[in-house]
Amino acid sequence: MKTKTGWLMVILISSVQLALLLLAVMTLFSWFSETTESTVAHQACADNQAISRQIVKTLESSGLSTETIRQQPENIASVKAAISGVHMPNYGFICVLTQDGRQPIASFPEYPSLESDEIYSASFEDHDKQTSRLGDFIASNNKREQGRMLFDGREHFVSLEPIQDIGYLLVAQQRSQSVASMVSSISITSKLFFGATLLIGLACMCTIVAILNRMTAKVTDHKLGLQKQVTEREKQIVRTQNAVIFGLAKLAESRDNDTGEHLDRIRSYVMILSEDLKNRIDQVDLEFVHNIALASSLHDVGKVGIPDSILLKPGRLTKEEREVMELHTLIGGECLEAIQSRLGDDNQFMQIAKQIAYYHHERWDGNGYPHGLCGDAIPLVARIVAVADVYDALTSKRPYKDPLSHIESKGIILAGSGSQFDPEVVDAFLRHEDEFEAISRTQASLKDEDVLTEFHVLCERAQQSNEEEAATQTS
């Protein structure tokens, strides 16, 4: 999901950047087109104005007037001579008009009558000023003007100058055609540039996506490699932890030679009971089964603090000796609690191990030790270990007693249901009594190396199950 969001963000940002770039290109070409057109137009009008002033100055100095031209038509030749001496660029023409602007007096080169030509823009300065005929325009203004006009369907830049005693001089050049061609060329160029920019932008976007895709693949591969290394390191840590736990349990066991392979059988019994309760109690899951199986080995770790004279006594203990022996629950619980404080209170394994060490001799009816807890106040892990511990003690040989049969031991467990033991745990025992009997007959034929190997297998199985559950939740 995060990867898809990242790709969407990249595409969105790239699209916005491309849109802004295209907008900038369009704005730039639009500005350039308008600026070019305005510059050329003003330059054309400036050229026309310069020519007009030169001709008007010549005509005014000649002393001609409308009246003398009418009386002496030969004076028209003088007017033509004045205007023909000026070079008119870009297919333009020069025309001298009467006072009303209705009749041309002389033009160069010869140009058709302007009587019907329409003017669509009278001035650059006032684009709203419109008139249909040149004569109407002249009659309504009577002043110097410049702008764009249509003659015979062609657009011209014009300059209109009043001539003293004669009329008006109209200088027109068709440079607007050149402007139109230039603007058209700029428009075509802008479209081509727009298309090229779009293609380049899309190509860059595709390149960025390809690079990011390749980098993401490399990062993913590297991440998977790191995860694999972390997983292997975690497995090594778990193996080391289990070996240390197993060694600590064996150290406590070595002080009590009569227990033999007691810890190994306890672990097997506890696994059977917790696996059965996993489908009946929400609290019990794979992690619970894994932790209680390991932690059960530490249930008698407090015996390392019991004097040998009491711990190794072949006969039954006196009341005072029994009170000292009962201290092994407090010694073991406090030892594991100190370890938990170093590792952190959220360490589930140490929490379970501490509860087992403290409370595995508590009774369901509240007559146990060391705190006299009863019922559900006793942690579930301690209630499970209590049944497993008593069953193994009953079916094992001790210096002060012979082992009881499975039937006899089963009877004692049933008699203690609801008083010494949790009835639900006893029911789980009854559902698997055949397995308990088979284990008790084996009398712990496994060696320490085999037991430690089983520990490792159990840890790896629980770790694999946790990983599968996590993958299922993620998908």
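Quick caveat, the model's predicted, so the values are computed rather than measured.

### With respect to helix α9 (residues 319-343)
In this model, α9 (25 residues) spans 37 Å end to end at C-alpha, consistent with the 36 Å of a helix rising 1.5 Å per residue. Of the positions making up α9, those classed as buried are Glu321, Met325, His328, Thr329, Gly332, Gly333, Leu336 and Gln340. At the exit of α9 stands Gly344, carrying a positive phi of roughly 115°.

### What about the side chain of Glu161?
With respect to the helices and strands, the residue Glu161 is situated in strand β4 (residues 154-163). Taking relative accessible area as the criterion, Glu161 reaches 2% and is therefore assigned buried. Not counting residues up to four positions away in its chain, the partners in contact with Glu161 are Gln49, Ser52, Arg53, Val56, Arg144, Gly167, Tyr168 and Leu169.

### Structural notes on the side chain of Glu433
Here Glu433 lies in helix α14 (residues 433-442). A polar atom in the side chain of Glu433 sits 3.0 Å from the side chain of Lys410.

### Things to note about helix α7 (residues 286-295)
Most of α7 is tucked away: eight of the ten residues are buried. Buried within α7 are the following residues: Phe288, Val289, His290, Asn291, Ile292, Ala293, Leu294 and Ala295. The N-capping residue of α7, defined by a side-chain oxygen 3.3 Å from the backbone nitrogen of Glu287, is Asp285.

### Structural notes on the packing of aromatic side chains
Under the definition given, this model contains six aromatic pairs. Plain terms: the ring middles of Tyr269 and Phe436 are 4.6 Å apart, the flat faces sit at 5° to each other, and that makes the pair stacked. A residue pair is termed long-range when its members are at least 10 positions apart, and Tyr269 in helix α6 (residues 262-277) and Phe436 in helix α14 qualify at 167 residues. Residue classification places Phe436 among the buried residues on the basis of a relative accessible area of 0%. On the basis of an interplanar angle of 35° and a centroid distance of 5.5 Å, the ring pair of Tyr358 and Tyr359 is categorised as tilted.

### Topic: the nonpolar core
Among the nonpolar cores identified, the biggest contains 37 residues, and Leu273 and Ile384 are the most heavily contacted of them. Elements supplying a minimum of two residues to this core: α6, α7, α10 (348-359), α11 (380-395), α13 (423-431) and α14. With seven residues, the single largest contributor to this core is α11. Among the nonpolar cores identified, the runner-up in size contains 17 residues, and Ile51, Ile69, Ile163 and Ile166 belong to it.

### Some words on a nonpolar patch on the surface
Together, Met9, Leu12, Ile13, Val16, Leu20 and Leu23 give the surface a local cluster of nonpolar side chains, amounting to about 570 Å² of exposed area. Within the fold, Val16 resides in helix α1 (residues 2-61). Judged by its relative accessible area of 44%, Val16 falls in the partly exposed class.

### What to know about the packing of helix α12 (residues 406-415) against α13
Where α12 meets α13, the axes come as close as 10 Å, and the angle between the chain directions of the two elements is 160°. With respect to their mutual orientation, α12 and α13 come out roughly antiparallel. Here the hand of the crossing between α12 and α13 comes out left-handed. Here α12 contributes His406, Lys410, Ile413 and Leu414 to the contact with α13, which in turn contributes Val426, Phe429 and Leu430. Per-class residue counts for the contact of α12 with α13 are five nonpolar, one polar and one charged.

### Re the confidence of the model for the protein
Averaged over every residue, the pLDDT of the protein is 76; the share at 70 or more is 74%. For the protein, helix α15 (residues 448-474) is the element with the lowest average pLDDT, namely 51, and α13 is the one with the highest, namely 95. Long-range and interchain partners of residues 115-132, a stretch whose pLDDT sits below 50, account for 50 contacts in this model, where long-range means more than four residues apart. Here residues 444-456 scores under 50 on pLDDT; set against residues more than four positions off or in separate chains, the count is 22 contacts.

### Remarks on the pattern of salt bridges
Under the defined criterion, the tally for this structure stands at twelve salt bridges. Close ionic contact of Arg383 with Asp422 constitutes a salt bridge, the shortest N to O distance being 2.7 Å. Pair noted here: Arg383 is in helix α11 and Asp422 is in the loop between α12 and α13, with a separation of 39 residues, a long-range link. With respect to class, Arg383 is no different from Asp422; both count as buried. When the shortest N-O distance is used, the salt bridge between Glu433 and Lys410 registers 3.0 Å. Residue Glu433 is located in helix α14, and its partner Lys410 is located in helix α12; the two are separated by 23 residues in the primary sequence. Its relative accessible area of 16% is what places Glu433 among the buried residues. For Lys410, a relative accessible area of 21% puts it in the partly exposed group. Taken together, the shared-partner salt bridges connect Asp276, Arg280 and Arg431 into one network.

The rules behind the values
- Residues numbered from 1 in each chain as written.
- Predicted model: local features only at pLDDT ≥ 70, side-chain atom pairs only at ≥ 80, totals over all residues.
- Heavy atoms only, no water.
- Helix = DSSP H or I, 4+ residues; strand = E, 2+ residues; numbered from the N terminus.
- Expected span 1.5 Å × (residues − 1).
- Buried < 20%, exposed > 50% of the residue type's maximum accessible area, 1.4 Å probe, protein only.
- Contact = heavy atoms within 4.5 Å.
- Polar contact = N/O pair within 3.5 Å; in protein donor to acceptor, adjacent residues only side chain to side chain.
- Phe/Tyr/Trp six-rings, centres within 6.5 Å; stacked < 30°, edge-to-face > 60°.
- Core = buried A, V, L, I, M, F, W, Y, C linked by side-chain atoms within 4.5 Å.
- Patch = residues over 30% accessible without salt bridge, like charges linked within 9 Å, V, L, I, M, F, W, Y side chains within 5 Å.
- Areas by Shrake-Rupley, 256 points an atom, 1.4 Å probe, with all protein chains shown as cover.
- Salt bridge = Lys/Arg side-chain N within 4 Å of Asp/Glu carboxyl O.
- Axes fitted to C-alpha atoms, helices over the stretch in contact; angles between N-to-C directions.
- Parallel < 35°, antiparallel > 145°, perpendicular 65-115°, else oblique.
- Left-handed = near helix turned anticlockwise from the far one by under 90°.
- Nonpolar A, V, L, I, M, F, W, Y, C, P; charged D, E, K, R; others polar.
- pLDDT = per-residue confidence, 0-100.

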